[in-house]
Amino acid sequence: MEEKVTISSGPQSASGHVAPSTSDSTTFVKNKSDGSSSFKDIFAGMIPGHHNSRMIVIGHRGNGKNRTLLQGEIPDERPSFRENTINSFNTASKFGASFVEFDVQRSCRYSEYGVRFDRFKFLLLKQKCGSFDQVTRDGHPIIFHDDYIILEDKVSRKIGELSLEEFLACGPQKDKSTDGRTLYRKAKDNYVSIWTATVEDSLCTLQEVFEEVDQNVGFNVEVKFDDVLKTSDDELRRVLYPILEVVKQHAKGRKVYYSSFNPDAVYLLRKEQSSYPVFFLTDGGVNLFNDPRRNSIQAAVQVCEEGNLQGIVTEVGAILREPTLVSLVKQVGLWLFSYGVLNNIAEVVEKQKILGVDGVIVDHVLEVVTVVRDLEKLPLEKMLNFVPTPLRTLSEEKLP
């Protein structure tokens, strides 16, 4: 059964998107059977591009990602929560995050590698491999960022090589009297070290996250695929359908939106469901890929127009390099979020708020929420004339 949901919007453009406004409205058809919120509810209090709209703060992998240390690097003094866990998600909610972001990937069951050389470099390319949805060997979607899991033997294993029981036996355990297998992580310099956090918690499944995380915090479900090879339509469906089914069965009114760096994946996500917004992730040209659709905000706008998507999530560096791109996104009525380590700097967050960026994905949730809400207390005229504070890394702030 379907129903029409009215959402605040402006006049429609030729592309079918809406320009920001506070008065007019358009309709969006949603599937009533899954109990999902309307778009208006999902982004309550936020009108795309309006300076007096609330900025959404999204906790990166919960209350922030865990740093992977290079050899000899000294850990931060800042307390850390094990990323992508129930505790981390609930802590982000407690600290004021509107949403938490996590990665849902599907592991390939095998890999065959070959080497391609060009004039200046060689690329180690996967010649035959599935994509990377985190689904265990026995078919259970789980929450885990890395493509590989590393245990005591220092061997990198795909999630798809483990059963659910084997996966949940890794790391800290729910039963505190039981020791799990020690988790390791590999840094960019290939240094492998034990993966620990100040506040530990057990690994979890996608279903557990829906069941055990505070219902007041929304979910940004990011679906990841191979960055080099094109993913077939059949593989996209194999990856996405189990995720869509879990969300349909367990969302129960929770605010949810999907995102992916893969243009074909976001098209399919939009085609296969009309209950939740779909955002296209882009590096915005900060890093370059074989698929030109991934290499600029301008290209991301085109992807959204062609797929009837609701928004863009860009690497923040692209906005800082060319702030006028914010207006480009707003002109077609898209929401604009950003991600990246620079979002943990107060001045960067403040500048984006003034530019009209709608949301930021951050590691330092409590501090960013404080910065944003303090800025929103200012009258509109004062906020637009606000001079961002000198560069101040939010990690310098003290947690209560």
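Residues numbered from 1 in each chain as written. Predicted model: local features only at pLDDT ≥ 70, side-chain atom pairs only at ≥ 80, totals over all residues. Heavy atoms only, no water.

Novice: Sorry, what's going on with the nonpolar core here?
Specialist: Within soluble globular proteins, side chains that are nonpolar generally end up buried alongside one another. Counting residues in hydrophobic clusters, the biggest one holds 78 residues, and the most contacted among them are Phe43, Phe102, Val209, Phe219, Tyr258 and Phe337. In terms of nonpolar packing, the next biggest core, distinct from the first, is built from twelve residues, Phe144, Leu162, Phe167 and Leu203 among them. (Core = buried A, V, L, I, M, F, W, Y, C linked by side-chain atoms within 4.5 Å. Buried < 20%, exposed > 50% of the residue type's maximum accessible area, 1.4 Å probe, protein only.)

Novice: Looking at this structure, I do not really get the environment of aspartate 201. What am I missing?
Specialist: As for its placement among the helices and strands, aspartate 201 is situated in the loop between β11 (192-194) and β12 (204-205). For aspartate 201, a relative accessible area of 15% corresponds to the buried category. A sequence separation of 29 residues divides aspartate 201 from proline 172, and the C-alpha atoms of the two residues are 5.8 Å apart. Here isoleucine 86 takes part through its backbone nitrogen, which lies 3.5 Å from a polar atom of the side chain of aspartate 201. At a separation of 2.9 Å, a polar atom in the side chain of aspartate 201 contacts the main-chain amide nitrogen of asparagine 87. (Helix = DSSP H or I, 4+ residues; strand = E, 2+ residues; numbered from the N terminus. Polar contact = N/O pair within 3.5 Å; in protein donor to acceptor, adjacent residues only side chain to side chain.)

Novice: What is the right way to read the packing of helix α6 (residues 263-272) against helix α7 (residues 297-307) from this model?
Specialist: Any two packed helices are characterised by how steeply their axes cross, that is the angle between the axes, and by the distance between the axes. Running from N to C, α6 and α7 point in directions that differ by 30°, and their axes come no closer than 10 Å. It follows that α6 is roughly parallel to α7 by the angle criterion. For α6 against α7, the interelement crossing comes out right-handed. In this structure, α6 contributes Pro263, Val266, Tyr267 and Arg270 to the contact, and α7 contributes Val303, Glu306 and Gly307. Within the contact of α6 with α7, the residues separate by chemical class into four nonpolar, one polar and two charged. (Axes fitted to C-alpha atoms, helices over the stretch in contact; angles between N-to-C directions. Parallel < 35°, antiparallel > 145°, perpendicular 65-115°, else oblique. Left-handed = near helix turned anticlockwise from the far one by under 90°. Contact = heavy atoms within 4.5 Å. Nonpolar A, V, L, I, M, F, W, Y, C, P; charged D, E, K, R; others polar.)

Novice: Help me understand the environment of serine 156, please; the structure alone is not making it clear to me.
Specialist: With respect to the helices, strands and loops of the structure, serine 156 is situated in strand β9 (residues 156-158). Residue serine 156 is classed as partly exposed on the basis of its relative accessible area of 32%. Taking the C-alpha atoms as reference points, serine 156 and tyrosine 184, 28 residues apart in sequence, are found 9.5 Å from one another. Apart from the residues within four sequence positions on either side, serine 156 is in contact with Tyr148, Ile149, Ile150 and Lys186.

Novice: Please explain the packing of aromatic side chains as it appears in this structure.
Specialist: Think of a pair of aromatic rings as described by two things: how far the centres are apart, and how the planes are tilted against each other in angle. Under the counting rule described, the total for this entry stands at twelve aromatic pairs. Each ring, one from phenylalanine 210 and one from phenylalanine 219, has its centre 4.9 Å from the other, and the planes form 70°; the classification is edge-to-face. Given the relative accessible area of 4%, phenylalanine 210 is considered buried. Measuring from ring centre to ring centre gives 4.9 Å for tyrosine 257 and phenylalanine 279, while their planes differ by 45°; the resulting arrangement is tilted. Here tyrosine 257, found in strand β14 (residues 256-260), pairs with phenylalanine 279, found in strand β15 (residues 278-282); they are 22 residues apart in sequence, far enough to count as distant. The exposure class of tyrosine 257 is buried, given its relative accessible area of 0%. The exposure class assigned to phenylalanine 279 is buried, which follows from its relative accessible area of 0%. Aromatic ring contacts, followed pair by pair, group Phe99, Tyr257, Phe279, Trp335 and Phe337 into a single cluster. Its guanidinium or amino end placed over the ring of tryptophan 195, arginine 82 lies 4.9 Å from that ring's centre, counting from NZ or CZ. Here the basic side chain of arginine 185 rests over the ring of tryptophan 195, its NZ or CZ set 3.8 Å away from the ring centre. (Phe/Tyr/Trp six-rings, centres within 6.5 Å; stacked < 30°, edge-to-face > 60°. Lys NZ or Arg CZ within 6 Å of the ring centre and 35° of its normal.)

Novice: What's the story with α7 in this structure? I'm lost.
Specialist: Because an α-helix completes one turn every 3.6 residues, residues spaced three or four positions apart along the sequence face the same direction. Within α7, burial applies to Ile297, Ala299, Ala300, Val301, Val303, Cys304 and Gly307. Elements that come into contact with the buried residues of α7 comprise α6, β15, β16 (311-315), α8 (316-321) and α9 (325-331). The positive-phi residue at the C-terminal boundary of α7 is asparagine 308, with phi of around 55°.

Novice: What is the right way to look at the confidence of the model for the protein chain in this model?
Specialist: Detailed conclusions should not be drawn from predicted coordinates in areas where pLDDT is low. Looking at the protein chain, pLDDT values average 80 and 75% of them are 70 or higher. Throughout residues 107-133 the model reports pLDDT below 50, and contacts reaching past four residues in sequence, or to other chains, amount to 64 contacts. (pLDDT = per-residue confidence, 0-100.)

Novice: Just to check I follow, could you spell out the pairing of strand β17 (residues 335-339) for this structure?
Specialist: Note on strand geometry: in a regular strand, side chains alternate between the two faces of the sheet. Taking burial as the measure, the five residues of β17 include five buried ones, the bulk of the element. Judged by which residues are buried, β17 turns out to be covered on both faces: Trp335, Phe337 and Tyr339 on one side and Leu336 and Ser338 on the other are all buried. Pairing geometry for β17 and strand β18 (residues 359-362), over two bridges, is parallel. Each residue of the ladder has a partner; that of phenylalanine 337, found in β18, is glycine 359. The parallel pair β17 and β18 is bridged by helix α10 (residues 346-355), and the resulting crossover is right-handed. (Pairing = 2+ DSSP bridges. Right-handed = clockwise from strand over helix to strand, strands pointing away.)

Novice: Help me understand the pairing of strand β3 (residues 56-60) in this model?
Specialist: Among the five residues that make up β3, five are buried, leaving the element largely enclosed by the rest of the structure. Side chains Ile56, Ile58 and His60 of β3 all project onto a buried face; the interleaved residues Val57 and Gly59 project onto the opposite face, where all are buried too. Pairing of β3 with β18 involves four bridges; the strand directions are parallel. Residue pairing in the sheet places glycine 59 in a bridge with valine 362 of β18.

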